[in-house]
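Listed below are the residues making up each chain.
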Amino acid sequence: MKLRSRRGTLSLATAVAVLSLGAAACGTSGPGASAAKSVIVWGLQDTALNPVQQKEISAYNAKGKHPEVRLQTFANDPYKQKLQTALGSPNAPDVFSNWGGGNLKTYVAAGNVVDLSGLLARTPGFKKAFLPSVLDGARLGGKYYGVPLQGMQPVSIYYNKSVFAKAGIAAPPASWAGLLADVGKLKSAGVTPFALAGSQSWTELMWIEYLLDRVGGPAAFTAIQDGKPGAWRDPAVARALNMIVDLVGRGAFGTKYGSVGQDNGAADALLSQGKAAMELMGSWEYSAQLAAAPKFVNGGGLGWAAFPTVPGGKGDPKDVVGNPSNFFSVTTKSKNRQAAQAFLTKTITDPAYVDALIKIGQVPPLVGVEPKLKAAPHADFTTYIYDTVKATPSFQQSWDQALDPATSQKLLTNLQKVFAKQQTPKQFVEAMAG
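These numbers were taken from a predicted model, which means no experiment stands behind them.

Visitor: How should I be thinking about the overall build of the protein in this particular structure?
Guide: Along the backbone of the protein there are 22 helices and 13 strands. Within the protein, the proportion of its 434 residues that are buried is 55%. When the accessible surface of the protein is split by element, carbon and sulfur atoms take 53% of a total near 17200 Å².

Below, the structure written as structure tokens:
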């Protein structure tokens, strides 16, 4: 999940309002075709965002002469299935939330998504309000098929400061050699170096994402994403996998990681309770720890840092992986296409909305949001996330979203075998390249 900052003329609040409205709460409304005088928006469950979103939608609807916006929401997995069958049918919504990347590409290839390039060209201030590489998460073939709708989610190393101190480690590892040295020190101290929810393969994906970037640079994955012949056979892929095998052999993840879960908070608990020293995870780790172990976070026990450098690698140390954002897209089946696009650019411009978004832990991918982040609670973390994304030359999207669904599942299955020592790097490459 490639960034440079631009100064935009659109008000910050307008852009943030757009960022949030589509990521809706748990499914309380059923599916249905767009009513003649309404814009139907499909979104996902997010209990933290729900009150803020609904208040903003109500305010938008109260503004007057435009079709009413109506929100229909669904749980995550049912939502994915529903999109696959509904987008090309008369029951398609006007606007839908998505993750960009390979899934969006599938819908675009089927002719189900409106090209928003013209909309962005007509509203240059709106376009420039977003951090460019985040906006590029919905850019396919040089055209834009969505706009960001919520906070950024880069992956970082999170660590327990107390565990570090007891093991004699002064700072998180900045280089691969330093990481391996810390693994040895932590093992000697009787602590698992890295918490890993190995029962859920997406948590292992972050390791190969970062290692391939550090070894082969962004181009190595771009070739895979583009389906170029021989891309999986790039030597950088095998090197990254061998580095993972080395970590497993050194006991970097302990011995029981295959039974540890992420959704149930088990991996996070290992970190907060001092049973593990570090965890490679997305920015949601902070809010998860804040909810489950507030004393750990508020007491200054949680630290965070960038993924280390790799000697001889082509990747920029500032490169990040993760999820740039979620996106709003407009369906070609929409009977209110113009109104749907207007909704994306003419929502509430109330600065209080920006504050509400930040208050619940969102870090908007917008130019000029820094003063609000610095003035809000947990500013040290939120400004770190914002500055990281703003400065990165490459924000690589999580592979399970960037790749098409079939390839993504194949990747997750084979990668889990590598972590479980059931498959060698060579066998992984052959399985993916075959």
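Next comes the rest of the description.
Visitor: Please clarify how unusual backbone geometry should be interpreted in this entry.
Guide: Trans is the prevailing form of peptide bonds, just as negative phi is the prevailing case for residues other than glycine. Residue H378 is not a glycine yet carries a positive backbone phi of 60 degrees. With respect to the secondary-structure elements, H378 resides in the loop between α18 (370-375) and α19 (379-391).

Visitor: Help me understand the packing of aromatic side chains, please; the structure alone is not making it clear to me.
Guide: When we look at a pair of aromatic rings, we describe it by the centre distance and by the angle of the planes. Here the structure, examined in full by the defined rule, presents 24 aromatic pairs. Ring centres of W232 and W399 lie 6.3 Å apart, and the angle between their planes is 75 degrees; this geometry places the pair in the edge-to-face category. Here the residue W232 occupies a position in the loop between α11 (218-225) and α12 (235-249), and W399 occupies one in helix α20 (residues 399-402), the gap between them amounting to 167 residues. W399 matches W232 in its accessibility class, with the two residues each being buried. One aromatic cluster is present, built from ring pairs that chain together W176, F194, W207, Y210, F253, Y257, F307 and F419.

Visitor: Please explain the side chain of D213 as it appears in this structure.
Guide: Note on placement: D213 falls in helix α10 (residues 202-216). We classify D213 as buried; its relative accessible area is 1%. In this view, D213 contacts P218, K314, G315, D316, D319, S394 and Q396; residues no more than four positions away in its chain are not counted.

Visitor: Before we go on, may I ask you to explain the side chain of D268 in this structure?
Guide: Mapped onto the fold, D268 is located in helix α13 (residues 266-272). Buried charge D268 goes without a salt bridge, the closest partner of opposite sign being K275 at 14 Å. Every residue in contact with D268, bar those within four places of it in the chain, is listed here: Q262, E279, E285, A288 and Q289.

Visitor: What exactly am I supposed to notice about helix α22 (residues 425-433) here?
Guide: Within the sequence span of α22, burial applies to P425, F428, V429 and M432. Each buried residue of α22 sits inside an arc of 95 degrees when the element is viewed along its axis, so together they form one side. Of the surrounding elements, those touching the buried residues of α22 are α10, α12 and α21 (405-419).

Visitor: Could you clarify how one ought to interpret the sheet that holds strand β12 (residues 327-330) in this entry?
Guide: Within a sheet, neighbouring strands are paired by backbone hydrogen bonds and run either parallel or antiparallel to one another. Across the sheet, which stays open at both edges, the 5 strands sit in the order β2-β1-β3-β12-β6 with mixed pairing between neighbours. Here the strands that pair on one side only, and so sit at the sheet edges, are β2 (68-74) and β6 (147-148). Note that strand β3 (residues 95-98) and β12 share 4 bridges and pair antiparallel. If you follow N98 over to β12, its bridge partner there is F327. Across the sheet, helix α16 (residues 337-345) touches β1 (38-44), β2, β3, β6 and β12, and the angle it forms with β12 is around 160 degrees.

Visitor: Just checking my understanding: could you explain the packing of α10 against α12 for this structure?
Guide: Closest axis-to-axis distance for the α10/α12 pair is 9 Å, and the angle between their directions is 130 degrees. Relative to α12, the element α10 is oriented oblique. Where α10 crosses over α12, the two elements pack in a sense that is right-handed. From α10, W207, I208, L211, L212, V215 and G216 reach across to α12, where they touch A236, V237, R239, A240, L241, M243, I244 and L247.

Visitor: How should the nonpolar core be read in this particular structure?
Guide: Nonpolar side chains tend to gather and get buried jointly when the protein is soluble and globular. Judged by nonpolar contacts, the single largest core of 83 residues is most densely connected at W176, F194, W207, F253, W399, F419 and F428. The residues touching W399, leaving out its near neighbours within four places in the chain, are L205, I208, E209, L212, F221, W232, S408 and L411. Within the second largest apolar cluster, 23 residues are counted, among which are V39, F126, V147 and L149.

Visitor: Would you explain α21 in this entry?
Guide: With 15 residues, α21 should cover 21 Å at 1.5 Å per step; its first-to-last C-alpha distance of 21 Å lies within 8% of that length. Residues of α21 that are buried include every one of S408, L411, L412, N414, L415, V418 and F419, and no others. Packed against the buried residues of α21 are α10, α12, α20 and α22.

Visitor: Looking at this model, I keep getting lost on the packing of α10 against α11. Mind explaining?
Guide: Helix packing for two helices is described by the angle between their axes and how far apart those axes are. Where α10 meets α11, the axes come as close as 6 Å, and the angle between the chain directions of the two elements is 120 degrees. Taken as axis vectors, α10 and α11 run oblique relative to one another. Between α10, through L212, D213 and G216, and α11, the contact on the second element is made entirely by P218, A220, F221 and I224. Its residues assigned to classes, the contact of α10 with α11 comprises 5 nonpolar, 1 polar and 1 charged.

Visitor: Explanation requested: the pattern of salt bridges in the structure shown.
Guide: Working definition: two side chains of opposite charge can pair if their charged atoms are close together. All chains considered together, the criterion is met by 4 salt bridges. A salt bridge links R233 to E430; its shortest N-O distance comes to 2.6 Å. Separated by 197 residues along the polypeptide, R233 in the loop between α11 and α12 and E430 in helix α22 bring together distant segments of the chain. For R233, a relative accessible area of 43% gives the class partly exposed. What makes E430 partly exposed here is its relative accessible area of 39%. Among the ionic pairs, K390 bridges to E370, the shortest N-O distance being 2.6 Å. With K390 in helix α19 and E370 in helix α18, the pair connects residues that are 20 residues apart, well separated along the chain.

What counts and what doesn't
- Residues numbered from 1 in each chain as written.
- Predicted model: local features only at pLDDT ≥ 70, side-chain atom pairs only at ≥ 80, totals over all residues.
- Heavy atoms only, no water.
- Helix = DSSP H or I, 4+ residues; strand = E, 2+ residues; numbered from the N terminus.
- Buried < 20%, exposed > 50% of the residue type's maximum accessible area, 1.4 Å probe, protein only.
- Areas by Shrake-Rupley, 256 points an atom, 1.4 Å probe, with all protein chains shown as cover.
- Phe/Tyr/Trp six-rings, centres within 6.5 Å; stacked < 30°, edge-to-face > 60°.
- Contact = heavy atoms within 4.5 Å.
- Lys, Arg positive; Asp, Glu negative; His and termini not counted.
- Salt bridge = Lys/Arg side-chain N within 4 Å of Asp/Glu carboxyl O.
- Arc of directions from axis to C-beta.
- Pairing = 2+ DSSP bridges.
- Axes fitted to C-alpha atoms, helices over the stretch in contact; angles between N-to-C directions.
- Parallel < 35°, antiparallel > 145°, perpendicular 65-115°, else oblique.
- Left-handed = near helix turned anticlockwise from the far one by under 90°.
- Core = buried A, V, L, I, M, F, W, Y, C linked by side-chain atoms within 4.5 Å.
- Expected span 1.5 Å × (residues − 1).
- Nonpolar A, V, L, I, M, F, W, Y, C, P; charged D, E, K, R; others polar.

None of the figures reported here should be taken as evidence of function without further support.
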